[in-house]
Amino acid sequence: MTPLAALLVDRIREGGPITVADYMAECLLHPQHGYYTTREPFGTAGDFTTAPEISQMFGELLGLALAQAWLDQGAPAPFTLAELGPGRGTLMADALRATRAVPGFHAAARAVLVEASPRLCDVQAATLAPHVVTWADRVEDLPDRPTFLVANEFLDALPIRQFLLSPEGWRERLVGLQDGALTFGLSAPLPQVPDTPAFRAARPGDLVEHCAPAHQAVTAALRPILRHGGLALFIDYGGWRSCGDTLQALRGHAFDPPLAHPGQADLTAHVDFEPLAALAPAHAYATQGQVLGRLGIDIRAERLARSLTGPALDSHRAALARLTDPAEMGSLFKMLALTRAGAPLPPGFA
Ligand code: SAH
């Protein structure tokens, strides 16, 4: 049993079953035993590899897309260049390098990172030196000015609740105990559930996931954008409606039962983009493969390939396929761009 599992068993024994959201929050961000607070999840030695860690092209193209959106909206200065959940800081580093040549962009940009793990803040500072960046603990703390924001695999780390439409009505999936070990169970029928398209469309036997913290984060990210202009770009795996149980744990690049190693496995859920898009007056939605293709990833890839040979060239080509191929991340991962009414559609989505 992991140290966090022991704490959770005690907590449930005293206070009764907890929601899947409580379980996820403890696993990911418990101050002593949480996954992001204690471990180095990224890369070959970690538990999973994210798009910016696969290739520099990802951060470069998204940085240039944000810079183009900034130009299209009249190059406001100063503006916040924000990233939510920056991991190792790789995406932001690649974005800053790629946008050096955009006149005025760096002079006007105030880079702000929203990160919950103090350990990862240190990693980000090291990656991004000598750039001047500041940190905010919460999305709500972003400054009140034009904001161009990116968040890759941030929403999938936010705690979800799960609800099952049983013959007696909606019940919530809970984490309780059986023979001293963590196990899933169901609550008594609930008087009320969230009012979203997925709940309204559910049929008996359906499991619907709901991520209130994602709604809060997107609403908070939109606040400065709706007042002063800007754009928010959310990239994640998921789809256009919650459908079934997508809670998953990854440990050492392999799937792990979600209750098996609390605090020692990454825990995520697919993002339901439909209710998040509805929070903004204007949105655009496409697959990662479509957007990267329209942003010119093939041309950028050819350019980089010219200076590569042998195994380096092979892995560069494999990285391109991994990011864009429908059989890899190209279709599963989606991009949602949110902005205010009347603002031009961001490049890559037109
Ligand atoms: N964007 C990075 C890392 C993705 S992992 C990449 O693509 O490589 C998720 C990131 O979100 C981590 O940096 C994690 O510490 C951070 N995070 C998770 N929950 C958070 C929360 N509630 N508030 C702020 N950051 C959070």
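Criteria and cut-off values
Position numbers for residues count from 1 along each chain, tracking the sequence in the order it is written. Confidence filtering applies because this is a predicted model: local features only for residues at pLDDT of at least 70, side-chain atom pairs given and counted only at 80 or more, and all residues used for totals across whole chains, interfaces and linings. With hydrogens and water excluded, all non-hydrogen atoms of the structure serve as input to the side-chain values. In plain words, nonpolar cores are sets of buried Ala, Val, Leu, Ile, Met, Phe, Trp, Tyr and Cys residues tied together by side-chain atoms within 4.5 Å. Relative accessibility thresholds used throughout: buried, under 20% of the residue-type maximum; exposed, over 50%; partly exposed, between the two (1.4 Å probe, protein chains only). Helix and strand definitions follow DSSP, with helices as H or I runs of at least four residues and strands as E runs of at least two, each counted in order from the N terminus. Two residues qualify as a contact provided that any one of their heavy atoms is within 4.5 Å of a heavy atom in the partner residue. One less than the residue count of a helix, multiplied by 1.5 Å, gives the span that helix is expected to have. We call a residue near a molecule or strand when any one of its heavy atoms sits within 4 Å of it. Under this definition, polar contacts are N or O atom pairs within 3.5 Å; protein pairs additionally need one hydrogen-donor-capable and one acceptor-capable atom, and for neighbouring residues in sequence, both atoms have to be side-chain atoms. Method for areas: the Shrake-Rupley scheme with a 1.4 Å probe, in which residue coverage is limited to the protein chains shown. What counts as a ring pair is set by centres within 6.5 Å for rings of Phe, Tyr and Trp (its six-membered ring), and what kind of pair is set by the plane angle: stacked under 30 degrees, edge-to-face over 60, tilted for all other angles. Here, a charge over a ring is recorded when the distance from Lys NZ or Arg CZ to the ring centre is within 6 Å and its angle to the ring normal is within 35 degrees.

Participant: If you had to explain the nonpolar core to someone new, which residues and values would you point to?
Facilitator: The biggest cluster of nonpolar side chains holds 55 residues, and the ones touching the most others in it are Tyr23, Val139, Leu155 and Phe234. At 7 residues, the largest contribution of residues to this core is made by helix α10 (residues 212-228). Ignoring sequence-local partners within four residues, the contact set of Leu155 consists of Ala214, Val218, Phe234, Asp236, Val271 and Leu276. Residues Ala67, Leu128, Phe148 and Ile235 belong to the second largest nonpolar core, which totals 47 residues.

Participant: Can you break down helix α14 (residues 310-324) residue by residue, with the values?
Facilitator: The end-to-end C-alpha distance of α14, which contains 15 residues, comes to 22 Å, matching closely the 21 Å that a straight helix rising 1.5 Å per residue would cover. Those residues of α14 hidden inside the fold are in contact with α4 (51-54), α5 (56-72), α12 (288-294), α13 (297-305) and α15 (329-332).

Participant: With reference to specific residues and values, describe the site of the ligand.
Facilitator: Taken together, 17 residues lie near the ligand, and Thr50, Gly85, Gly87, Glu115 and Asn152 sit nearest. Interatomic distance of 2.7 Å between a backbone N/O atom of Gly85 and a nitrogen atom of the ligand. One nitrogen or oxygen atom from the side chain of Glu115 is found 2.5 Å from an oxygen atom belonging to the ligand. In the complex, 93% of the free accessible area of the ligand, which totals 570 Å², lies under the protein chains.

Participant: Which residues make up the packing of aromatic side chains, and what values go with them?
Facilitator: One pass over the full model with this rule turns up 11 aromatic pairs. Where Phe79 meets Phe105, the ring centres are 5.1 Å apart and the plane angle is 40°; that geometry is what we call tilted. You can see Phe79 sitting in strand β2 (residues 79-84) and its partner Phe105 sitting in helix α7 (residues 105-108), a full 26 residues away along the chain. Overall, the relative accessible area of 1% leaves Phe105 in the buried class. Here the aromatic cluster, defined as three or more aromatic residues joined through ring pairs, consists of Trp70, Phe79, Phe105 and Phe148. It is Arg173 that lies over the ring of Phe184; its NZ or CZ is 3.6 Å from the centre.

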